[in-house]
Amino acid sequence: MTVFAVEYVYADDSVELRNEHRPAHREYLVSFVNEGPVRVLASGPTPATDGALLIFAAESKAALNEVLASDPFSKVGAIAEANISEWNPVIGLLKEFSA
């Protein structure tokens, strides 16, 4: 599996929309914590940039893109951009997931 860092950039004026859909967004992400072709390794807000950072292990970028497109935040237009970078953690708790 490959590790990917995903930076969510929230849509302008989407605070109320995100607050409304946050429970569904979190429930959706939690469903990818266990084994599978796409796994959430970490996720949380980045308050300084009013966005979020999500770390995934995925069999392919295409599989990851499918998961991101089905995120409730994506479906309601709360995300302006999802910047995806392949990442190779070599130190720390996530190194076991690197290629």
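This text goes with the structure placed above it.
Residues numbered from 1 in each chain as written. Predicted model: local features only at pLDDT ≥ 70, side-chain atom pairs only at ≥ 80, totals over all residues. Heavy atoms only, no water.

**Q** I'd love a proper account of helix H1 (residues 15-30), names of residues and values included.
**A** The terminal C-alpha atoms of H1, which comprises 16 residues, lie 21 Å apart, in line with the 22 Å expected from a rise of 1.5 Å per residue. Where H1 is buried, its residues contact strand S1 (2-10), strand S2 (38-46), strand S3 (51-58), helix H2 (61-69) and helix H3 (72-75). (Helix = DSSP H or I, 4+ residues; strand = E, 2+ residues; numbered from the N terminus. Expected span 1.5 Å × (residues − 1). Contact = heavy atoms within 4.5 Å.)

**Q** With reference to specific residues and values, describe the sheet that holds S3.
**A** The 4 strands lie next to each other as S2-S3-S1-S4, forming an open sheet whose pairing is antiparallel. Bordering the open sheet on either side are S2 and strand S4 (79-87), each of which pairs with just one other strand. Strand after strand, the sheet turns through a mean of 20° between neighbouring axes, direction not considered. Of the strand pairs in this sheet, S2 and S3 are connected by 8 bridges, and their pairing is antiparallel. Its bridge partner lying in S3, Arg39 is registered against Ala57. (Pairing = 2+ DSSP bridges. Axes fitted to C-alpha atoms, helices over the stretch in contact; angles between N-to-C directions.)

**Q** Help me get a handle on the packing of aromatic side chains, residues and values and all.
**A** For the structure on display, the rule yields 2 aromatic pairs. Consider the rings of Tyr10 and Phe73, whose centres lie 6.0 Å apart with planes at 80°: the pair is edge-to-face. Placement of the pair is Tyr10 in strand S1 and Phe73 in helix H3, with a sequence separation of 63 residues. Take Tyr10: its relative accessible area is 12%, and that puts it in the buried class. When its relative accessible area of 1% is taken as the criterion, Phe73 is described as buried. (Phe/Tyr/Trp six-rings, centres within 6.5 Å; stacked < 30°, edge-to-face > 60°. Buried < 20%, exposed > 50% of the residue type's maximum accessible area, 1.4 Å probe, protein only.)

**Q** Quick rundown of the layout of surface pockets? Include the residues and the values.
**A** Within this model, the largest pocket holds a volume of roughly 280 Å³. Contributions of two or more residues to the lining of the largest pocket are made by S1, H1, S2 and S3. Counting residues per element, the lining of the largest pocket draws most heavily on H1, at 6 residues. When the residues that make up the lining of the largest pocket are grouped by side-chain class, the tally is 11 nonpolar, 5 polar and 4 charged. (1 Å grid on protein atoms, 1.4 Å probe; cavity = no way out; pocket = protein on both sides within 12 Å on 5 of 7 lines; lining within 4 Å. Points joined across faces, edges and corners; volume = space filled by probe spheres on them. Nonpolar A, V, L, I, M, F, W, Y, C, P; charged D, E, K, R; others polar.)

**Q** Could you give me a rundown of the pattern of salt bridges, with the residues and numbers involved?
**A** If you walk through the whole model with that rule in mind, you get 2 salt bridges. Arg18 serves as the salt-bridge partner of Asp50, at 3.3 Å between the closest nitrogen and oxygen. In this pair, Asp50 sits in the loop between S2 and S3 while Arg18 sits in helix H1, placing the two residues 32 residues apart along the sequence. The exposure class of Asp50 is partly exposed, given its relative accessible area of 41%. Residue Arg18 is classed as buried on the basis of its relative accessible area, which comes to 4%. Note that Glu35 is salt-bridged to Arg39, the shortest N-O span being 3.2 Å. With relative accessibility at 68%, the residue Glu35 sits in the exposed group. (Salt bridge = Lys/Arg side-chain N within 4 Å of Asp/Glu carboxyl O.)

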